[in-house]
Amino acid sequence: MADENNSSGSNGKNGKVGVIERVKDDIQALKTDIPSKAKEQLEGLKDPTKTQVYTSIFRHKHDDTPRNRALGVLSNVFLHLHPAKINRDAVRYSYTWGMGGITFYLFIILTYTGVLLMFYYHPTKVQAFRDVLYLEHDVPFGKILRNMHRWAAHLMVIAVWLHMFRVFLTGSYKKPREFNWNIGVLLLVFTLLLSFTGYLLPDDQLGFWAVTVGTNMARATPLLGHEGPFGHQLGMTPYNDVRFGLLGGSIVDANALLRSYIWHCIGIPIVASVLMIVHFWRVRKDGGISGPAQVMLEAEADKPRRGPKAAGE
Amino acid sequence: MDWRQLWEICSAPDNVPIVGLIPLLAFFIYLAWKQAHANDQLIGQLETDPALAKTHHRKTWPFKPGWQKEVHVWPFLLRIEFLAAIIVTIILMVWSITLNAPLEEPSNPNLTMNPAKAPWYFLGLQEMLVYFDPWIAGVVMPTLIIVGLMVIPYIDTNPLGSGYYTWRQRRFAISVFLFGFIILWVSMIMIGTFIRGPGWQWFWPGQTWDHNRLIYEVNRDLPDEIPRWLGGPIVSNWAKGVFGAIVVGGYYLIGGGLLYSLFRRRMAKDFRRMSLLQFSIMQFFLLTMVALPIKMSLRLLWHIKYVWITPWFNV
């Protein structure tokens, strides 16, 4: 600015007068500019959906039109797993029981409460049990946090079973959804393993003996366990068999605690999340939710099918 | 009747989900049955009336011409998901406020819990430990359950009943699944939770868990039980091994034959659709499932422990 002033106002006195006049002029202009700008601003606030901030977040208009309803789902990363439209009867609770979605919701709750619990927990023999006592008695809302984590875990096991039950009863594993049923079976196994690895973490009698009973079975693994059929012949001992690998020792101790902690908090959740991504994606790719489909008659059973869409609608 | 004992078992915090599972399962079986029944009636009606079959929209729910076949996910599905999330959250909150997660004494390898129970969802497998050696109950069975579930879509060749509840079009598949899920899985968990007490002994609901109870049972093996007039009991180890192989092999052979006969006569269409591999896998898994209650009753009713004895493994 200084340079500019020097170049335009060449002579000293003239320059000073010029600056003062310009300032006056600016103030004069402000008196009209501010009210008009402010009015403009207020006008803009009346329709926030027109603001740049809004349009940068939501890539569609706000009006209630079919197009915007579809875009609301399709242009949202969290919702776009859904199609824009679904079978009108598929929204009936009695068909799906909502169990798949509830399972996923419980997984989210478990991740959330689990992360919070991790702030207070050390997976060591000295501290684990004390940390749970600390959570129970001193941490604000610690008790309800732990309770929610445990009951959500139990509920998730039940929800997974009921989801599988429903999928079986509606024949939803049939062509073209065979592969996704298999992913589902793996997810069921990982749900049980997640719950099982979490059982040891409070390091109390209940978890300790449950995990002892559970992992003792691994001793009897055929070929790979030291008490299993042909294990002895293959040189298996309590110090090199599959149970040793699971526990990181020959008894349930500090290493077992650390191992189950890592499987519980990191290993299995990652694998399960990857499988969940595949599971949800395949639901869409295999033609969306399986029904409620039109009933098929005995006479039509062996007629050639028309691809995935035929089953869905 | 020891009501206090019963209450103690049912109200143990970790048992509450199992107590809850019973009415939940009953409700959902009812819900499924109701829809299957309605669909079956519709199917019956359409099969007797081909003209109607051509025009009917083929669902039990009402549909009028002009109605849209599809609805927008926003809001019709999302509002349900949102509602479900809120309801689950409320249930979980209330449950967590009213019932505390169990916490026992610090772990102590020198003090065995009695009964020492696995987490409730594995109690079915633990119950199997009574009837089978750990390598079967703890390793082979879980593997077979997982593999067995995974092969279902590949051995069920019935194209009917995809995407709707039905009973009459899938009698066999649904019976087998109910047998596996309700009888072999859920009811074993119930036994493991409510009936097995100290020493993993059988206590009827309401019976006091007596930690000093002793049961004098002599379990014998099947080769020892062969009556004299049939040349028994079998003494030599070799003969026991061969005998067991014949019994187990014979079970699968005869059972397989019966299944073949059943399919050929009663389910000819399904049999025609199945390949040899599909049919034999189905036979194997079904016979293995049926073997569980057989082995259980051998043990519970006749005190027979092993059927097949070899130097390396016992079945």
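From a predicted model like this one, the values you see are computed outputs, not experimental measurements. (Residues numbered from 1 in each chain as written. Chains lettered and ligands numbered in written order. Predicted model: local features only at pLDDT ≥ 70, side-chain atom pairs only at ≥ 80, totals over all residues. Heavy atoms only, no water.)

### Focus: the overall build of chain B
Moving on, step 1. Along its length, chain B carries 11 helices and one strand.
Moving on, step 2. Counting from the amino terminus, helix and strand elements in chain B follow one another as α-α-α-β-α-α-α-α-α-α-α-α.
Moving on, step 3. A compact globule built from 315 residues would reach a C-alpha radius of gyration of about 20 Å, whereas chain B, at 25 Å, exceeds it by more than 25%.
Moving on, step 4. Each principal axis of the C-alpha atoms in chain B carries an extent, and together these give about 80 × 55 × 35 Å.
Moving on, step 5. Put simply, 65% of the contacts in chain B that link residues at least 6 apart link residues at least 24 apart.
Moving on, step 6. Just so you have it, chain B exposes about 17,300 Å², and 68% of that area is on carbon and sulfur atoms.
Moving on, step 7. Averaging the coordinates of the 26 positive side-chain charges in chain B and doing the same for the 19 negative ones gives two points 13 Å apart. (Helix = DSSP H or I, 4+ residues; strand = E, 2+ residues; numbered from the N terminus. Rg over C-alpha atoms; globule rule 2.2 N^0.38 Å. Contact = heavy atoms within 4.5 Å. Areas by Shrake-Rupley, 256 points an atom, 1.4 Å probe, with all protein chains shown as cover. Lys, Arg positive; Asp, Glu negative; His and termini not counted. Charge placed at Lys NZ, Arg CZ, Asp CG, Glu CD.)

### Brief notes about the confidence of the model for chain A
Residues and elements named next belong to chain A.
Moving on, step 1. For chain A, per-residue confidence averages 88 on the pLDDT scale, and 92% of positions sit at 70 or higher.
Moving on, step 2. Predicted confidence is poor over residues 1–10, with pLDDT under 50, and the contacts of this stretch with residues over four places away or in other chains come to four contacts.
Moving on, step 3. Throughout residues 307–313 the model reports pLDDT below 50, and contacts reaching past four residues in sequence, or to other chains, amount to 11 contacts. (pLDDT = per-residue confidence, 0-100.)

### Some remarks on the packing of helix α8 (residues 142–169) of chain A against helix α2 (residues 16–48) of chain B
Moving on, step 1. Orientation of α8(A) relative to α2(B), taken along the N-to-C sense of each, is 20°, at an axis distance of 11 Å. Between α8(A) and α2(B), the angle is such that the two are roughly parallel. When you trace α8(A) past α2(B), the crossing you get is right-handed. Residues H154(A), I158(A), W161(A), L162(A), F165(A) and L169(A) of α8(A) pack against P17(B), L21(B), L24(B), L25(B), F28(B), I29(B) and A32(B) of α2(B).
Moving on, step 2. When the residues that make up the contact of α8(A) with α2(B) are grouped by side-chain class, the tally is 12 nonpolar, one polar and no charged. (Axes fitted to C-alpha atoms, helices over the stretch in contact; angles between N-to-C directions. Parallel < 35°, antiparallel > 145°, perpendicular 65-115°, else oblique. Left-handed = near helix turned anticlockwise from the far one by under 90°. Nonpolar A, V, L, I, M, F, W, Y, C, P; charged D, E, K, R; others polar.)

### Quick word on the environment of T32(A)
Moving on, step 1. Structurally, T32(A) is set in helix α2 (residues 12–46).
Moving on, step 2. Side-chain polar atoms of T32(A) contact the backbone oxygen of A29(A), separated by 2.9 Å. (Polar contact = N/O pair within 3.5 Å; in protein donor to acceptor, adjacent residues only side chain to side chain.)

### Considering the interface of chain A and chain B
Moving on, step 1. Across the contact, 94 residues belong to chain A and 104 residues belong to chain B.
Moving on, step 2. Within the residue set of the side of chain A that touches chain B, elements represented by two or more residues are α4 (66–74), β1 (85–87), α5 (93–96), α6 (99–118), α7 (128–137), α8, α9 (178–199) and α10 (205–219) of chain A.
Moving on, step 3. Top element by residues in the side of chain A that touches chain B is α8(A). It accounts for 19 residues.
Moving on, step 4. Looking at the side of chain A that touches chain B residue by residue, the class counts come to 59 nonpolar, 15 polar and 20 charged.
Moving on, step 5. In terms of strand pairing, β1(A) meets strand β1 (residues 70–72) of chain B through three bridges, oriented antiparallel. Considered in β1(B), the bridge of K85(A) is made with H72(B). (Pairing = 2+ DSSP bridges.)

### As for the nonpolar core
Moving on, step 1. L106(A), W161(A) and W181(A) are the most contacted members of the largest nonpolar core, which has 106 residues in total.
Moving on, step 2. If one sorts the elements of this core by residue count, α8(A) sits on top with 17 residues.
Moving on, step 3. Setting aside chain neighbours within four positions, we find L106(A) in contact with A152(A), L155(A), M156(A), A159(A), V88(B) and L92(B).
Moving on, step 4. Residues V151(B), I155(B), F285(B) and L286(B) belong to the second largest nonpolar core, which totals 11 residues. (Core = buried A, V, L, I, M, F, W, Y, C linked by side-chain atoms within 4.5 Å. Buried < 20%, exposed > 50% of the residue type's maximum accessible area, 1.4 Å probe, protein only.)

### Some details on the domain arrangement of chain A
Moving on, step 1. Looking at chain A, the domain boundaries give domain 1 (11–42), domain 2 (47–85) and domain 3 (94–200 + 252–288).
Moving on, step 2. Centre-to-centre separation of domain 2 of chain A and domain 3 of chain A, based on C-alpha positions: 32 Å. (Domains from an automatic or database assignment.)

### A look at the environment of T124(A)
All names here are of chain A.
Moving on, step 1. Tracing the chain through its elements places T124 in the loop between α6 and α7.
Moving on, step 2. Accessibility expressed as a relative area gives 35% for T124, which makes it partly exposed.
Moving on, step 3. Sequence separation of T124 and L258 is 134 residues, and the distance between their C-alpha atoms is 6.9 Å.

### Focus: the confidence of the model for chain B
Moving on, step 1. Model confidence for chain B is summarised by a mean pLDDT of 91, while 100% of its residues fall at 70 or above.
Moving on, step 2. Ranking the elements of chain B by mean pLDDT puts helix α3 (residues 50–55) of chain B last with 85 and helix α5 (residues 78–98) of chain B first with 95.

### Some words on the packing of aromatic side chains
Moving on, step 1. Taken as a whole and judged by the stated rule, the model has 36 aromatic pairs over all chains.
Moving on, step 2. Seen in terms of ring centroids, W151(A) and W95(B) are 5.1 Å apart; in terms of plane orientation they differ by 5°. Their pairing is stacked. A residue pair is termed interchain when its members come from two chains, as with W151(A) in helix α8 and W95(B) in helix α5. This pair shows no difference in class: W151(A) is buried, exactly as W95(B) is.
Moving on, step 3. When the centroid spacing of 5.5 Å and the interplanar angle of 70° are considered together, the rings of Y260(B) and F271(B) count as edge-to-face. In this pair, Y260(B) sits in helix α9 (residues 237–266) while F271(B) sits in helix α10 (residues 268–273), placing the two residues 11 residues apart along the sequence.
Moving on, step 4. We classify Y260(B) as partly exposed; its relative accessible area is 38%. (Phe/Tyr/Trp six-rings, centres within 6.5 Å; stacked < 30°, edge-to-face > 60°.)

### Describing the environment of I155(B)
All names here are of chain B.
Moving on, step 1. Among the structural elements, I155 can be located in helix α7 (residues 134–155).
Moving on, step 2. The sequence separation of I155 and I281 amounts to 126 residues, and the corresponding C-alpha distance is 7.5 Å.
Moving on, step 3. With residues near it in sequence (within four places) discarded, I155 still touches M274, Q278, I281 and M282.

### Observations regarding a nonpolar patch on the surface
Moving on, step 1. A contiguous nonpolar patch, built from F82(B), I86(B), I90(B), M93(B), V94(B) and I97(B) and spanning about 570 Å² of accessible area, is present on the exposed surface.
Moving on, step 2. In this structure, M93(B) sits in helix α5. (Patch = residues over 30% accessible without salt bridge, like charges linked within 9 Å, V, L, I, M, F, W, Y side chains within 5 Å. Salt bridge = Lys/Arg side-chain N within 4 Å of Asp/Glu carboxyl O.)

### Re the side chain of T197(A)
Moving on, step 1. As for its position among the elements, T197(A) is in helix α9.
Moving on, step 2. Residues contacting T197(A), with those up to four places away along its chain left out, are S260(A), W263(A), H264(A) and I268(A).

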